[in-house]
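Listed below are the residues making up each chain.
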Amino acid sequence: MKVAFFSTKSYDKEYFDRVNSNGHHQFTYFDAALNPATAALAKGHTAICLFVNDKADKETIEQLSANKIKLIALRCAGFNNVDLEAAAKKNIKVVRVPAYSPEAVAEHAVALILTLNRKTHKAYNRIREGNFSLEKLIGYNLHGKTVGVIGTGKIGQAFCRIMLGFGCKILAYDKFPSEEMEKAGVLYQQLNEVLSQSDIISLHCPLLPETHHLINKKAFEKMKKGVMLINTSRGAVIDTADAIEALKNEQLGYFGIDVYEQEEKLFFRDLSEEIIADDMISRLISFPNVLITSHQGFLTKEALEQIAMVTLENISDFEKDKNLQNEIRYQ
Ligand code: NAD
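Residues numbered from 1 in each chain as written. Predicted model: local features only at pLDDT ≥ 70, side-chain atom pairs only at ≥ 80, totals over all residues. Heavy atoms only, no water.

Novice: Account for the sheet that holds strand β9 (residues 200-203), naming residues and giving values.
Specialist: If you trace the seven strands from one edge of the open sheet to the other, you get β8-β7-β6-β9-β10-β11-β12, paired in parallel fashion. Each edge of the sheet is formed by a strand with only one pairing partner; in this case those strands are β8 (187-188) and β12 (290-292). Bridge count for strand β6 (residues 146-150) against strand β7 (residues 169-173) is five bridges, and the pairing is parallel. Paired with Val149 across the bridge in β7 is Ala172. (Pairing = 2+ DSSP bridges. Helix = DSSP H or I, 4+ residues; strand = E, 2+ residues; numbered from the N terminus.)

Novice: Any details on the site of the ligand? Residues and values, ideally.
Specialist: Near the ligand, the surroundings consist of 24 residues, among which Tyr100, Lys154, Ile155, Asp174 and Asp258 are the closest. A distance of 3.1 Å is found between a nitrogen atom of the ligand and a backbone nitrogen or oxygen belonging to Thr232. Within the backbone of Phe298, an N or O atom sits 3.1 Å from an oxygen atom of the ligand. Starting from 860 Å² of accessible surface for the ligand in isolation, the protein chains cover 87%. Structurally, the ligand is housed in the largest pocket. Within the shell around the ligand, the residues separate by chemical class into 10 nonpolar, nine polar and five charged. (Near = heavy atom within 4 Å. Polar contact = N/O pair within 3.5 Å; in protein donor to acceptor, adjacent residues only side chain to side chain. Areas by Shrake-Rupley, 256 points an atom, 1.4 Å probe, with all protein chains shown as cover. 1 Å grid on protein atoms, 1.4 Å probe; cavity = no way out; pocket = protein on both sides within 12 Å on 5 of 7 lines; lining within 4 Å. Sits in = over half its atoms within 2 Å of the grid points. Nonpolar A, V, L, I, M, F, W, Y, C, P; charged D, E, K, R; others polar.)

Novice: Describe the side chain of Asn67, with residues and values.
Specialist: Along the chain, the position of Asn67 falls in the loop between α2 (58-66) and β4 (71-74). Ignoring any residue separated from it by four or fewer positions in sequence, one finds Asn67 in contact with Ala39, Ala40, Lys43 and His45. (Contact = heavy atoms within 4.5 Å.)

Novice: For a negative patch on the surface, give the residues involved together with the corresponding values.
Specialist: On the surface, Glu103, Glu107, Glu302 and Glu305 cluster together into a negatively charged patch. Elements represented by at least two residues in the negative patch include exactly α4 (102-118) and α12 (301-319). Relative to the elements of secondary structure, Glu305 occurs in helix α12. (Patch = residues over 30% accessible without salt bridge, like charges linked within 9 Å, V, L, I, M, F, W, Y side chains within 5 Å. Salt bridge = Lys/Arg side-chain N within 4 Å of Asp/Glu carboxyl O. Lys, Arg positive; Asp, Glu negative; His and termini not counted. Charge placed at Lys NZ, Arg CZ, Asp CG, Glu CD.)

Novice: Tell me about unusual backbone geometry, and please be specific about residues and values.
Specialist: Although it is not a glycine, Ser7 adopts a positive phi angle of roughly 55°. Structurally, Ser7 is set in the loop between β1 (2-5) and α1 (10-19). Since its relative accessible area comes to 15%, Ser7 is described here as buried. Even without being glycine, Asn91 reaches a positive phi, approximately 55°. By secondary structure assignment, the location of Asn91 is in the loop between α3 (84-89) and β5 (93-95). (Buried < 20%, exposed > 50% of the residue type's maximum accessible area, 1.4 Å probe, protein only.)

Here's what the structure looks like:
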């Protein structure tokens, strides 16, 4: 099948070419992100393959349909960037990779916690400049701290297991508590309890209308002063303007994010020689207690292998008219 890839990076090409080494499918790799202006690139293909910041909105889907696209294969788990209703109306199927290595993202959340807390990024830079001072590098023990987890699906559970290993008390909020997690020692509570009792809060819920700006001014006011907030889920789960206010009034003591509300204009690109027009990211970067990574939680060899394998299976199943196990249907 002819598949057009959008937002292609070198690692996508490497891992997808490897799983398609028999050349069964024909892949065209485009650097451009999908949007109404680039949708025409898909012409001549049957499927398109998208990542998190490609936008398959109604207008784009209409263009894809006019160009005879039949399948949208997401090479990610989240699908908030696809208008499922518009796709269903045009009879375009949508498939995704529901789980590819929850540990990859969970471990990255832990990396953000450890770096922010023990300030290894600052120590690394100091030592390179011959500064061996320990001033302002004091952290705290994770052992015995209370960690709040919002969303205990695959990634949230992997995260809970790691933090239990550190000797933390885990409070969680999820509409569907996991019995396995309860047995492991996770205490499920109401959202307000989790927000008010935790020293560290980590977000692992999807971006849905009900979770959009779940963490806003009111939520920050409920948290402990100096709380650490980690977000590896989706940027818009947090109201960024409110997070900046909470940092300024020191309610938020540490902020570690792998995702950002307006990330599609920034992330995955080298903008080191450009003027950054986004004032909110510039303000966030200016805080000494903020750590930002550009959506790299998924970026491990194991996850990339799994993403490529499952995406290829999804495409092959569609080609063979098989049942699509990983289809996302409009409800
Ligand atoms: P999952 O579907 O296994 O788990 C999501 C959990 O969130 C479920 O248990 C669900 O019940 C819960 N949930 C839904 N609505 C909620 C709400 N209002 N409040 C609290 N919990 C709620 O998903 P997952 O594989 O664990 O992934 C979680 C999210 O992580 C994805 O949706 C995606 O946005 C993000 N993600 C980020 C990266 C990255 O590279 N940073 C990679 C993969 C996924």
